[in-house]
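Fold and contact review
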Amino acid sequence: MEADIRVIDVVDSTNICIEELAGAGAREGTCVVAFKQLHGQGRSGRSFYSPDGGNLYMSVLLRPHDAKQAERITVAAAVATTDAIRDKLGINAGIKWVNDIILDGRKVSGMVAQAHNYGTDDFYVVLGIGINIYESPDIPKDIENVYGSLMGRKCDEGAEAARNFAIGLAREIIKDFSLYYDDFEGNGCAARYRQRSVVIGRDVSYICGNDTISARVVDIDDDGGIVLEEGGVRRTYRDGEIRIRLTGV
C-alpha cells in the first residue's frame, strides 16, 4: 500500500475527512494527519479526546480485498503503532485488547476501524489512530486516571518540532502497517500482537452489550479474537471490550 499523506492542522474529525475523500474516489492509502480534532471519534460512537499540543490524530483509507483482510486491520494497526513507537522513541509499549496502546499502565493511543458500504463494490474501511505524544494540561476528569503520554512534558524545541515529529511518527506507522496489511501472516503480525499483549494470563471483565463475565485471558487468536476461560470452558470473542487494572504494566 502506497501512502498519500495530507496534513491539516485542525479538523472536525480525521475519520470524517477520509469518508469525504472516499466518497470522491480517493485511492487506498490516502491519509489525513491532524494535530487537533473538534469531534474525535472512538469506538462504539464514543468521543475521543483530541487536544492541540503536538499530539497525532490520523486516519487512513483502506479498500481491503476480502473480509479476512478487513477483519485483521485493527490487529495490524496495533502492532504497527507499537513498532513505530519503539523505532522512533525506543519505548516498548503494550497492547490491551483490542485497540489500546498502554505505557506504564496508562493509555497512550487508541484506534478504531470503521467499515462503510459493506457488501457493495464501494466497500472501504477508515482506520483512525490517535496518539498522545505530550501531556495535556486539561485532561477531562473521567479519563485522568487512565490518560497517558509517550513523552510527558511539552516539546522543548517548540510547536513546529513537535508537529514534525508527529508527522514522522505517522509515516512510520503507515510504513509498518502496510507490511502487515499486505502480508499479515508472512510478516508474523499475530505473533507480535500476542508478544505485546498486556492481558494474556490476566483476569478481566468482558463486556458485550448488557452482559458482563469475569474470566481469564488465555490467548489471542490469529485474527485478533480474545480467548477467555471461564469455569474451565474456553470461548473466543470478537466483539465487546474488556476491563482490567493495568497499574505497573
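Everything discussed here concerns the structure shown above.
Residues numbered from 1 in each chain as written. Predicted model: local features only at pLDDT ≥ 70, side-chain atom pairs only at ≥ 80, totals over all residues. Heavy atoms only, no water.

With respect to the packing of aromatic side chains
Applying the stated criterion to the full structure yields four aromatic pairs. Ring geometry for W97 against Y206: centres 6.5 Å apart, planes inclined by 45°, an arrangement best described as tilted. Of this pair, W97 sits in the loop between strand 6 (94–96) and strand 7 (100–103) while Y206 sits in strand 10 (residues 203–208), and the two are 109 residues apart along the sequence. Ring plane angle 40° and centroid distance 4.4 Å describe the contact between Y206 and Y237, whose orientation is recorded as tilted. Linking Y206 in strand 10 with Y237 in strand 13 (residues 233–237), this pair joins segments that are 31 residues apart in sequence. Across the pair, exposure class does not vary: Y206 and Y237 are buried alike. (Phe/Tyr/Trp six-rings, centres within 6.5 Å; stacked < 30°, edge-to-face > 60°. Helix = DSSP H or I, 4+ residues; strand = E, 2+ residues; numbered from the N terminus. Buried < 20%, exposed > 50% of the residue type's maximum accessible area, 1.4 Å probe, protein only.)

Topic: the pattern of salt bridges
Inspection of the entire model under this criterion finds 18 salt bridges. Between D87 and R86 there is a salt bridge, with the nearest N and O atoms lying 3.0 Å from each other. Look at R86 and you get partly exposed, because its relative accessible area is 31%. Between R194 and D222 there is a salt bridge; the shortest N-O distance is 3.1 Å. Of this pair, R194 sits in helix 5 (residues 189–196) while D222 sits in the loop between strand 11 (211–220) and strand 12 (226–230), and the two are 28 residues apart along the sequence. For D222, a relative accessible area of 41% gives the class partly exposed. (Salt bridge = Lys/Arg side-chain N within 4 Å of Asp/Glu carboxyl O.)

A look at the nonpolar core
Grouped together as the largest cluster of nonpolar side chains are 63 residues, with contacts concentrated most on L56, M58, W97, F177 and Y193. The element best represented in this core is helix 4 (residues 159–182), accounting for eleven residues. Among all residues touching L56, those that are not within four sequence positions of it are V33, A34, I129, G130, I131, I133, A166, L169, A170 and I173. (Core = buried A, V, L, I, M, F, W, Y, C linked by side-chain atoms within 4.5 Å. Contact = heavy atoms within 4.5 Å.)

None of this, on its own, says anything about what the molecule does.
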